[in-house]
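# Structural overview for review
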Amino acid sequence: QVQLVESGGGLVQAGGSLRLSCVASGRAFSPYHMGWFRQAPGKEREIVARINWSSGSTYYADSVKGRFTISNNNAKNTVYLQMNSLKPEDTAVYFCASRPSQSDDFRYWGQGTQVTVSS
């Protein structure tokens, strides 16, 4: 069983930055992908970014390209999301998730951390 714990959310002014962290616990943690998702009030959950755990290849949603950076530290079982040039529309609960293998969906989820960007 994999447990994911996010941290780093908070309140920031537009144009500011935040860094989210997600620490995974579990035996022999080696997922295929780790991802960051977000859900704003009244909206569906959407993917923000994902990273291939072993290769480091990344994917970003168009809305965050050039502003957000996903990275990982395999030794610490941790994935990060550096968020720069934040906009009010980035306000949401941010979740990290783990996809165990290429044939799996994102199966394990954290509890979420609130990010609020004021204008």
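Residues numbered from 1 in each chain as written. Predicted model: local features only at pLDDT ≥ 70, side-chain atom pairs only at ≥ 80, totals over all residues. Heavy atoms only, no water.

## What to know about the pairing of strand β11 (residues 113–118)
The alternating pattern of β11 places Thr 113, Val 115 and Val 117 on a buried face, while none of Gln 114, Thr 116 and Ser 118, on the opposite face, is buried. As defined by bridge partners, strand β2 (residues 10–13) adjoins β11 across four bridges and the pair is classed as parallel. What sits directly across from Gln 13, in β11, is Ser 118. Bridging between strand β9 (residues 92–99) and β11 involves three bridges; their strand directions are antiparallel. Residue pairing across strands places Val 93 opposite Gln 114, the latter belonging to β11. (Buried < 20%, exposed > 50% of the residue type's maximum accessible area, 1.4 Å probe, protein only. Helix = DSSP H or I, 4+ residues; strand = E, 2+ residues; numbered from the N terminus. Pairing = 2+ DSSP bridges.)

## A word on the packing of aromatic side chains
Within a pair of aromatic rings, the relevant descriptors are the distance that separates the centres and the angle that separates the planes. Evaluated as defined, the whole model comprises three aromatic pairs. Between Phe 29 and Trp 53, the aromatic rings sit 5.3 Å apart at their centres with planes inclined by 80 degrees, giving edge-to-face as the arrangement. Taken together, the residues Phe 29 in the loop between β3 (18–25) and β4 (33–39) and Trp 53 in the loop between β5 (46–52) and β6 (58–60) connect sequence positions 24 residues apart. Judged on exposure class, the residue Phe 29 and its partner Trp 53 are both buried. (Phe/Tyr/Trp six-rings, centres within 6.5 Å; stacked < 30°, edge-to-face > 60°.)

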